[in-house]
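Per-entry structural report
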Amino acid sequence: MSFGFIAKGASRGEPAPALVRGPVASTTVQQLAAGTEWGELDVLVVDMPPGTGDIMLTLCQSVGLSGAVVVTTPGKLAAADTAKGLELLHQARVPVLALVENLAYFEEPSTGVRHRLFGRSYARELATSAQLAHGAAAADGGAAAEATEAGGAFELPIDAAMTEALERAQPLVLAAPDSPSARAFARLAGFVTRAAEEGRAAHNERPNVSYRAADGAVVLRYVSGAQEGREYAVPAARLRASARDAVSASQRAAAIATDGAEPLGRARSAAPSGPKSDAAGASVRPLDISPRGNYGVAIRWSDGHQSAIFPYDQIIELAEDEERRAQGQAGAGRALDSGVARAT
């Protein structure tokens with residue numbers, strides 16, 4: 001499925017440029033992902049555009065991605081851009097399965113000497129920094145084991161056979177199965193398949209987030225994996241006050257400007273007056289909680305707010321802070337009781 005199939009003019013064989021951006025691009029991506037009749041699938045592969053723009057962020061938020069294969073080219077500038085993409089995937093809790101460096105080198109057919117026409121390779125350094133699940137290739141041995149030692153980094157050479165296969169619209173692994181590129185693709189496919197299976201297992205370890213009305217807390221609970229049974233609870237009002245979206249940031253700025261109050265979520269929480277701004281009020285509660293990608297939840301609140309995404313890490317951090325506060329208060333209470341006892 002492609003946007004090119006539904007773009008203006010596609011039915012006449014004259015598709016126009018994809019002149020979409022921002023919210024329109026995000027909505028289009030969501031429609032393609034959720035509105036297509038995919039049928040029974042083993043794997044759904046999404047070819048994303050370069051960079052860390054709206055489309056990549058939208059997919060990370062709306063689809064539970066099992067993993068990502070990051071493609072780069074040689075050179076320091078390409079490595080810097082790739083590092084940004086890896087950081088986004090890390091924050092979105094999308095496992096990086098493999099890192100592929102395209103146009104890595106040209107190999108002379110007669111001598112086997114490799115020439116790196118576009119500069120040195122940074123693939124291994126990037127793969128190491130991304131902490132790839134490189135145990136997946138070990139079962140194959142040989143070349144796949146070498147890829148494991150390199151941290152899941154694969155290099156694709158400049159290969160005339162690949163260009164010829166593309167011109168004929170044929171898969172390279174069928175058109176020239178013995179070419180260096182075809183062999184590299186075969187190793188890569190096996191590696192990614194096994195790593196994706198590991199990624200699915202990790203994906204199933206996502207926690208559940210729910211509202212506990214008895215004490216007004218939002219509770220994050222792991223139901224499987226290493227932390228199975230572990231719970232983190234944070235008062236709903238404090239979680240709402242910690243929202244990091246633009247609307248909440250504007251509310252915090254307005255609160256400080258009007259009465260000098262501390263930002264929402266701190267000791268002197270406050271919010272501007274208005275029918276939909278009771279974020280700091282103790283009565284605010286979640287009305288609906290839904291997962292967003294692998295890394296957090298979206299919450300529709302009783303004050304009308306629904307534009308923020310709350311990462312699991314943020315909920316855990318606030319819950320641990322609540323635990324430290326409770327322990328500190330308990331310690332202070334015991335010290336006070338001990339002092340009273342000595343005085344009497």
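Here goes a summary of the coordinates provided. (Residues numbered from 1 in each chain as written. Predicted model: local features only at pLDDT ≥ 70, side-chain atom pairs only at ≥ 80, totals over all residues. Heavy atoms only, no water.)

Here we come to the overall build of the protein chain. Regarding its fold elements, the protein chain presents 12 helices and 11 strands. Across the 344 residues that make up the protein chain, the buried fraction comes to 35%. Long-range pairs, those at least 24 residues apart, make up 56% of the contacts in the protein chain between residues at least 6 apart in sequence. Accessible area of the protein chain: about 20,000 Å², with a carbon and sulfur share of 54%. (Helix = DSSP H or I, 4+ residues; strand = E, 2+ residues; numbered from the N terminus. Buried < 20%, exposed > 50% of the residue type's maximum accessible area, 1.4 Å probe, protein only. Contact = heavy atoms within 4.5 Å. Areas by Shrake-Rupley, 256 points an atom, 1.4 Å probe, with all protein chains shown as cover.)

With a phi close to 55°, Leu103 is a non-glycine residue in the positive phi region. Relative to the assigned elements, Leu103 resides in the loop between strand E2 (96-101) and strand E3 (106-107). On the basis of relative accessibility, which here comes to 34%, the residue Leu103 falls in the partly exposed class. A positive phi angle is found at Ala169, which is not glycine, with a value near 60°.

A cluster of nonpolar side chains, namely Met1, Phe5, Ile6, Trp38, Leu41, Leu44 and Val46, defines an oily patch on the protein surface of about 680 Å² accessible area. Inspection of the secondary structure puts Ile6 in helix H1 (residues 3-6). (Patch = residues over 30% accessible without salt bridge, like charges linked within 9 Å, V, L, I, M, F, W, Y side chains within 5 Å. Salt bridge = Lys/Arg side-chain N within 4 Å of Asp/Glu carboxyl O.)

Where helix H4 (residues 76-91) contacts helix H5 (residues 123-130), the two axes come as close as 11 Å, and the packing angle between them is 15°. Judged by the angle between their axes, H4 and H5 are roughly parallel. In this structure, H4 crosses over H5, and the sense of that crossing is right-handed. Contacts between H4 and H5 involve Ala79, Thr82, Ala83 and Leu86 from the first element and Leu126, Ser129 and Ala130 from the second. Of the residues in the contact of H4 with H5, the class split is five nonpolar, two polar and no charged. (Axes fitted to C-alpha atoms, helices over the stretch in contact; angles between N-to-C directions. Parallel < 35°, antiparallel > 145°, perpendicular 65-115°, else oblique. Left-handed = near helix turned anticlockwise from the far one by under 90°. Nonpolar A, V, L, I, M, F, W, Y, C, P; charged D, E, K, R; others polar.)

Take the packing of helix H2 (residues 22-34) against helix H3 (residues 54-62) next. Remark: H2 packs on H3, axes separated minimally by 9 Å, with the N-to-C direction vectors making an angle of 45°. Considering their axes alone, H2 and H3 lie oblique with respect to each other. In this structure, H2 crosses over H3, and the sense of that crossing is right-handed. Between H2, through Gly22, Ala25, Ser26, Val29 and Gln30, and H3, the contact on the second element is made entirely by Asp54, Ile55, Thr58, Leu59 and Ser62. Looking at the contact of H2 with H3 residue by residue, the classes come out as four nonpolar, five polar and one charged.

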